[in-house]
Amino acid sequence: MLTADRFPLHRDALTRSPDLSALLDRLATRARPWIASPIEVPRLKALLSVDGGVCSTDGTPLRFDPHSPDAHECPTCGTVYRGIRHDRHWVRGQHLWLAERAAHLATVGVTAENDDALQAARDLVLAYPEVYFELPNQDNVLGPSHLFFSTYLESIWLQHYLTAAHLLREADALEERDLDRISALIEESSTLIGEFNEGMSNRQTWHAAALTAIAVWFEDEDLARIAIEGRTGLLGHLTDGFGHDGLWFEGENYHLFAIQGLLRGLAWARLAGVDYTADPALAALLGQALLAPARTALPDGTFPARKDARYGVSLAHPAYLECWEAGRAWLPEAREALDAWLAHLYRLPAPAAQGYDAWLHEAGEKPPESRSRSDLSYWALLTMDPEGPATDTAWNPRGTYFADQGLAVLRHDDRYLSLDCTSSGEGHGHADRLHLTLHSGGVHWLPDPGTGSYVSPTLPWYRSALAHNVPLLDGTPLTGDGYAEAYDHDDTTGIGWVRSRSGPVTRSVVAGPAWVVDLVSVDAGATASQLEVLWHPAGELRVEPDGGWTAATLDDSQATNAETCAVDTGIRVHAREGETAMALHFPGASHLLRARGPGLPGGEPRTFLRRDTSVTGEGARQVAVCDLAPDDPATGIREVRVTGDRITLVHRDGRDTVVQIESRGAQVTGPTAGQVIRLEGVLPKPAKHRPLFSPKPPWETSGAAIGVGDPPALDGTLDGFVTDDPLFLDDEHQYRRSEDPWEGPEQFRAEAHVNWDAETVYLAVVVQKPDLVIRGDNAAPLLLDNEPDDIHGEGIQVYLQLEDEAPRGWLIVPSDDGRIRVRPASGTAGHAAEVRGAWQPIEDEGPGYCLTVAIDCPTLGSLPLHARIRFDLLVNEPRAGRERRAGQLVWSGASGWVYLRGDRHTVEEYGWLDLT
């Protein structure tokens, strides 16, 4: 970032650097059309929806063209879509793109001394204050915003906007009244961003960066101190978010997003005179964080799609190149490694670069065939070193183990294998404990699919265990944080191993130059009866022997064409992708299921496999072998034999490789005479991570459920209910808000009464609010996201857990003609048929409604008197004129934000009811 006194020095550096001169020339050339024909700022707020911005035929995201506000083309089939939903999807990118263009124009203006570019930047910057305040701060998905539907987008936008405004101010191109209008916008935005603190989150890095930029604009030292040095500021994220191994806790996709926001913030901090890269310890942390994605990169230059990552994204994306360019400019100690990494990326084929919120520099343009430093954005011109990276160094990654992530990577030549036993990843986590990834011969044989669109119906599939190469117990995903018990690698032979655990299941993988041995074991004494291991091999599959298949069912609506077969002598699965092949050997008796699932995001459905084994008192185990060169007449594997802990790979030339796997080590013998490789590397069990801040309130909420002899009327009145000990929802600490805080009990409150008998819980809820927003049975679908539409109308969410039973929950809403509509709450064992009741509007004590229900609880009578059960009640607050709910009252108490909660509610958040 530049100040006026640095303009001459930067211009001098440009004249001496061929790279920077070429970049400035390209930026100036691209700016000419925007100078000649001013760009109009759209007066639309962005909308996140299921149908906006996607092709209704094939589900492909529509191409973002900044010059086409009302015609949006599908890149797959060429269909052009029109309509407000598509326009409001398009405007998300347009506001971001325009803010980038303002910064782009201002950068060209000050560095090339181009007055026309400065005037075009000024016009864009001054067009926004009126539009900004005109658009409503409501119906947001994740935090308050005027232009967008989430605060993090506002923070990204504001970074570009403030860059333009700052450069214009430094160039003396703004009048006093201009500064007042800009400052009013920035002050409002700073209030929204400042109040929506997301804790340790990839998005919070952008909030912290935006607040740092705001502090620079207003010369606010107190705000700068909080934004830079606070627990959720730039330094807090650098020291805690990236962990001891340098990798962001939510995976590579969010690592790269977080590092981008962090670097933007550090650039503003440097402008404020705070250069933390001068501290050796902090510089080392930043260097480690910058290089972490390089250490997990796949051989094709993409990052692994762990957790909610996008699949197949190239690390040569220019948005990421700019991060490493900034790093090598600021971190002399890391320059050698960053030079080798950047030189490697610049040699890769150029990926398409549009469609990324934080970098829309090339939107609407065809990307070049290869990348150079002159293809980057205005931000690179302001930050990168005039001298480019050395091109005579090679990037030679080695296998590595990330202790904080529980992620092991084994490499040899172009063979890449990883075993993931990572932590949950918070809201971006998947049911993927002990997932195996394999890439070899240019083919991603066993991929992690990541996640496509957050509003697509396929989202639950990609987050499920069925979409991953993982073990299951009795059809249930492994839960809890796992860890690696051992990791070792022989760099000379390329042979390595890793053994990881999640609960009673261990997965041991030994990787050789052209083969992989996989052993999944269940501990003796485990209560499960069935071990299942899922496989998602790429390519066209052929199973040998292929016969005896019978129809089967899977408990997932997106898995189809399921069928099973049983073979006593072992199964071999051939996978072929073009001219490259891989074979999976399942030795011994095997019960195999195959089915079709959604495949990779945006791709065609694919066949996946599930191998089943019974668990006895001695446990269970499954051995599988991946042959990475099945067509090789020498090393290809003809047969796999398992005898005790000896796994013998019989090669096609008759030689054997023997792999022995034990709890504390593995040994590989052959195929060369006398060759014995011993692998050990036992690791200590990591300490359990304890968050600094707990979301659970410091209090425990309790109430009473009163026993009754006769059931109440359940007609939408309190007739028959014993109302001696009500539950109140009428306090600020019980309100989860969206954009606006709770308006008080006069505007929204509830009172509940809980009765019970031997088999039923009876619940009456009286809700008082000035206007009722009832979603009728035939209401049009909202098509906003994957959450149930009924959370955005009047209604309640009820949650119960009796002793050791699974928690149950229901979303219950008023329906037509006094009836109720019930659906099970996400993530619970509830069933709609367990709930019956009715509702009525009320006027006696103020407008509102009364909803009465009976919930089947057959085991309730077996509990002793005065027993305690877990319970919670949530009341949703819709308001007229809104698309999404405004908030909700939570009986157990949970102030905060309602965004992205849907109808999910964890049992740890429930309160208690005493049976009286």
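Within each chain, residues carry numbers counting from 1 in the order of the written sequence. Given that this is a predicted model, residues contribute local features only at a pLDDT of at least 70 and side-chain atom pairs are listed and counted only at 80 or more, while totals for whole chains, interfaces and linings are drawn from all residues. The side-chain figures draw on all heavy atoms in the structure; neither hydrogens nor water molecules are used.

### Topic: the overall build of the chain
Right, so step 1: Helix and strand content of the chain: 15 helices and 41 strands.
Right, so step 2: Taken over C-alpha atoms, the radius of gyration is set against a globule rule of 2.2 Å times the number of residues to the power 0.38. Its C-alpha atoms give the chain a radius of gyration of 30 Å, near enough to 29 Å, the size a compact globule of 916 residues would have.
Right, so step 3: For the C-alpha atoms alone, the extent of the chain along its principal axes is close to 90 × 85 × 50 Å.
Right, so step 4: For the exposure calls, accessible area comes from a 1.4 Å probe over protein chains only, and a residue counts as buried if that area is under 20% of its type's maximum, exposed if over 50%, partly exposed in between. For the chain, buried positions account for 59% of its 916 residues.
Right, so step 5: Note that accessible areas follow from Shrake-Rupley with a 1.4 Å probe, and for residues the cover is restricted to the protein chains shown. When the accessible surface of the chain is summed, it comes to about 35500 Å², and 50% of that surface belongs to carbon and sulfur atoms. A helix here means a DSSP run of H or I that spans at least four residues, while a strand means a run of E at least two residues long, and both kinds are numbered starting from the N terminus.

### Some thoughts on the packing of aromatic side chains
Right, so step 1: Aromatic rings from Phe, Tyr and Trp, with only the six-membered ring used for Trp, were paired whenever their centres fell within 6.5 Å, and each pair was classed as stacked if the ring planes differed by under 30 degrees, edge-to-face if by over 60, and tilted otherwise. By the definition in use, this model includes 26 aromatic pairs.
Right, so step 2: When the ring of Tyr132 is compared with that of Phe133, the centres are 5.4 Å apart and the planes differ by 80°; the resulting orientation is edge-to-face.
Right, so step 3: Tyr132 sits in the buried class, given a relative accessible area of 0%.
Right, so step 4: On the basis of relative accessibility, which here comes to 42%, the residue Phe133 falls in the partly exposed class.

### Some points on the pairing of strand β21 (residues 606-614)
Right, so step 1: Strands are treated as partners if at least two bridges between them are detected by DSSP. As defined by bridge partners, strand β14 (residues 530-535) adjoins β21 across six bridges and the pair is classed as antiparallel. Across the sheet, Glu532 pairs through a bridge with Asp612, a residue of β21.
Right, so step 2: Summarising the sheet, strand β20 (residues 590-597) and β21 pair through seven bridges and their orientation is antiparallel. Bridge pairing links Arg596 to Thr607 in β21.

### A few points about the layout of surface pockets
Right, so step 1: Looking at the second largest pocket, its volume works out to about 530 Å³.
Right, so step 2: We place a 1 Å grid over just the protein atoms. Points where a 1.4 Å probe fits but has no way out form a cavity, open points with protein on both sides within 12 Å along at least 5 of 7 lines form a pocket, and any residue with an atom within 4 Å of a point lines it. Lining the second largest pocket we find 19 residues, and of these Leu2, Arg6, Arg270, Leu382 and Thr383 sit closest to its centre.
Right, so step 3: Listed by contribution, the elements that provide at least two residues to the lining of the second largest pocket are α1 (7-16), α10 (252-271), α12 (318-330) and α14 (378-383).
Right, so step 4: Only Asp, Glu, Lys and Arg are considered charged, only Ala, Val, Leu, Ile, Met, Phe, Trp, Tyr, Cys and Pro nonpolar, and every remaining residue, Gly among them, polar. When the residues that make up the lining of the second largest pocket are grouped by side-chain class, the tally is 13 nonpolar, three polar and three charged. Grid points are joined across faces, edges and corners, and a volume is the space filled by probe spheres set on the points.

### Some points on the sheet that holds strand β27 (residues 676-679)
Right, so step 1: Strand order in the open sheet formed by five strands is β23-β24-β25-β26-β27, and the pairing between neighbours is antiparallel. Across the chains shown, the open sheet's two edge strands, defined by having one partner strand only, are β23 (637-643) and β27. Across the sheet, the axes of successive neighbouring strands diverge by a mean angle of 15°, strand direction being ignored.
Right, so step 2: Across four bridges, strand β25 (residues 656-661) lies against strand β26 (residues 666-669) in antiparallel orientation. When the bridges of β26 are listed, Gln660 appears paired with Gln667. Comment: axis = line fitted to C-alpha atoms, over the contacting stretch for helices; angle = value between 0 and 180 degrees taken between N-to-C directions.

### A few points about the environment of Gln558
Right, so step 1: Its location among the elements puts Gln558 in the loop between β16 (550-551) and β17 (560-567).
Right, so step 2: Taking the relative accessible area as the measure of exposure, Gln558 reaches 23% and is therefore partly exposed.
Right, so step 3: As for Gln558 and Pro841, which are separated by 283 residues in sequence, their C-alpha atoms are 40 Å apart.
Right, so step 4: Contacts between residues were defined by any pair of non-hydrogen atoms, one from each residue, lying within 4.5 Å. Among residues more than four places away in sequence, those in contact with Gln558 are Pro457, Thr458, Trp461, Arg596, Gly597 and Pro598.
Right, so step 5: Polar contact is the term for a pair of N or O atoms within 3.5 Å; when the atoms are in protein, one must be able to donate a hydrogen and the other to accept it, and sequence-neighboring residues count only if both atoms are side-chain atoms. Side-chain polar atoms of Gln558 contact the backbone oxygen of Pro457, separated by 3.2 Å.

### Topic: empty space enclosed by the protein
Right, so step 1: Scanning the model with the defined rule gives three cavities of 30 Å³ or more in all.
Right, so step 2: For the largest cavity, the calculated volume is near 130 Å³.
Right, so step 3: What lines the largest cavity is a set of 14 residues, and nearest its centre among them are Ala467, His536, Gly599, Leu600 and Arg606.
Right, so step 4: Of all elements in the fold, only α15 (459-463) and β21 reach the threshold of two or more residues within the lining of the largest cavity.
Right, so step 5: Looking at the lining of the largest cavity, its residues break down into nine nonpolar, four polar and one charged.

### Some thoughts on helix α11 (residues 280-296)
Right, so step 1: A helix's residues, less one, multiplied by 1.5 Å, set its expected span. Its 17 residues give α11 an end-to-end C-alpha distance of 25 Å, which sits within 8% of 24 Å, the value for a rise of 1.5 Å per residue.
Right, so step 2: What we call the bend at a residue is the angle made by axes fitted to the seven residues finishing there and the seven residues starting there. Along α11, the sharpest change in direction is near 30° and occurs at Leu290; proline Pro293 comes one to four residues later.
Right, so step 3: For α11, the full list of buried residues reads Leu282, Ala283, Leu286, Gly287, Ala289, Leu290, Leu291, Ala292, Pro293, Ala294 and Thr296.

### Topic: the packing of helix α6 (residues 176-195) against helix α7 (residues 202-218)
Right, so step 1: Close contact between α6 and α7 brings their axes to 10 Å; oriented N to C, the two are set at 145°. Of the two elements, α6 crosses α7, and the hand of that crossing is left-handed. Where α6 abuts α7, its residues Leu179, Ile182, Ser183, Ile186, Glu187, Ser190, Ile193 and Gly194 lie against His207, Ala210, Leu211, Ile214, Trp217 and Phe218.
Right, so step 2: Split into classes, the residues belonging to the contact of α6 with α7 amount to nine nonpolar, four polar and one charged. Note on convention: the crossing is left-handed when the near helix lies turned anticlockwise from the far helix by less than a right angle, right-handed when the turn is clockwise.

### A look at unusual backbone geometry
Right, so step 1: Residue Pro545 is bonded to the preceding Glu544 through a cis peptide linkage, with omega at -10°.
Right, so step 2: Residue position: Pro545 is located in the loop between β15 (540-544) and β16.
Right, so step 3: Cis rather than trans, the peptide bond between Gly670 and Pro671 has omega equal to 5°.
Right, so step 4: Mapping Pro671 onto the fold places it in the loop between β26 and β27.

### A closer look at the sheet that holds strand β5 (residues 415-420)
Right, so step 1: Ordered in space as β3-β4-β5-β6-β7, the five strands form an open sheet in which the pairing is antiparallel. With one partner strand each, in any of the chains shown, β3 (400-402) and β7 (443-446) form the two edges of the open sheet. Sheet twist, expressed as the mean angle between neighbouring strand axes with direction ignored, is 15°.
Right, so step 2: Across three bridges, the pairing between β3 and strand β4 (residues 407-412) is antiparallel. Note that in β4 the partner of Phe402 across the bridge is Leu407.

### Here's the deal with the side chain of Asn253
Right, so step 1: Checked against the element boundaries, Asn253 lands in helix α10.
Right, so step 2: Using a relative accessible area of 9% as the deciding quantity, one classes Asn253 as buried.
Right, so step 3: Contacts of Asn253, omitting those with residues within four sequence positions, involve Phe303, Asp308, Ala309 and Arg310.

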